Amino acid sequence: MLAFPIYPPTAEALMRSRFTAFAIGDASYLRHTWHPDTAPGTLDLDPDQQWYLLEILSTSKGGYFDREGVVSFRAHYRSAANRKLKDSLTETSAFSRVGKQWLYVKALER
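Figured I'd write up the structure that's included with this text.

The rules behind each value
- Residues numbered from 1 in each chain as written.
- Predicted model: local features only at pLDDT ≥ 70, side-chain atom pairs only at ≥ 80, totals over all residues.
- Heavy atoms only, no water.
- Helix = DSSP H or I, 4+ residues; strand = E, 2+ residues; numbered from the N terminus.
- Buried < 20%, exposed > 50% of the residue type's maximum accessible area, 1.4 Å probe, protein only.
- Polar contact = N/O pair within 3.5 Å; in protein donor to acceptor, adjacent residues only side chain to side chain.
- Phe/Tyr/Trp six-rings, centres within 6.5 Å; stacked < 30°, edge-to-face > 60°.
- Lys NZ or Arg CZ within 6 Å of the ring centre and 35° of its normal.

### Some words on the side chain of Q101
For Q101, the location among the structural elements is in strand β4 (residues 101–109). For Q101, a relative accessible area of 13% corresponds to the buried category. Among the polar contacts listed, one links the side chain of Q101 to the side chain of H32, at a separation of 3.4 Å.

### Focus on the packing of aromatic side chains
What describes a pair of aromatic rings is the distance from one ring centre to the other and the angle between the planes of the rings. Enumeration over the complete set of coordinates arrives at five aromatic pairs. Measuring from ring centre to ring centre gives 6.5 Å for F19 and W51, while their planes differ by 85°; the resulting arrangement is edge-to-face. Separated by 32 residues along the polypeptide, F19 in helix α1 (residues 11–24) and W51 in strand β1 (residues 49–61) bring together distant segments of the chain. Each member of the pair, F19 as well as W51, is classed as buried. Arranged with centres 4.6 Å apart and planes meeting at 55°, the rings of W51 and Y77 form a pair that is tilted. Taken together, the residues W51 in strand β1 and Y77 in strand β2 (residues 68–79) connect sequence positions 26 residues apart. For the pair W51 and Y77, one class covers both residues: buried. Ring pairs connect the aromatic residues F19, F22, W51 and Y77, which therefore count as one cluster. The ring centre of W34 lies 5.1 Å from the NZ or CZ of R18, which sits over that ring. Here R78 stacks its cationic end above the ring of Y52, 4.3 Å away from the centre of that ring.

Here's what the structure looks like:
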């Protein structure tokens, strides 16, 4: 076991890890990686949404030496009840690094 937490090193890496958390239903990780100033009081994931593909459309800053970053992405999901029903969410999101940890701040555009 490691003695220290391992944080995603960039805003894009955090976005990818958060997508994985949505895909496996890990609300705890999503809350942990959400900036406390903008995090919702509760987070209820929709069990009917099965997230299966993430496309990173663009990034701005959010690198190893940045404090802020922006990631545009398209996340694809399908209905668990009817796998033929598919849709996607396109969003541009703001991220901020607090200490060594990147955090999701908010959606800038949908």
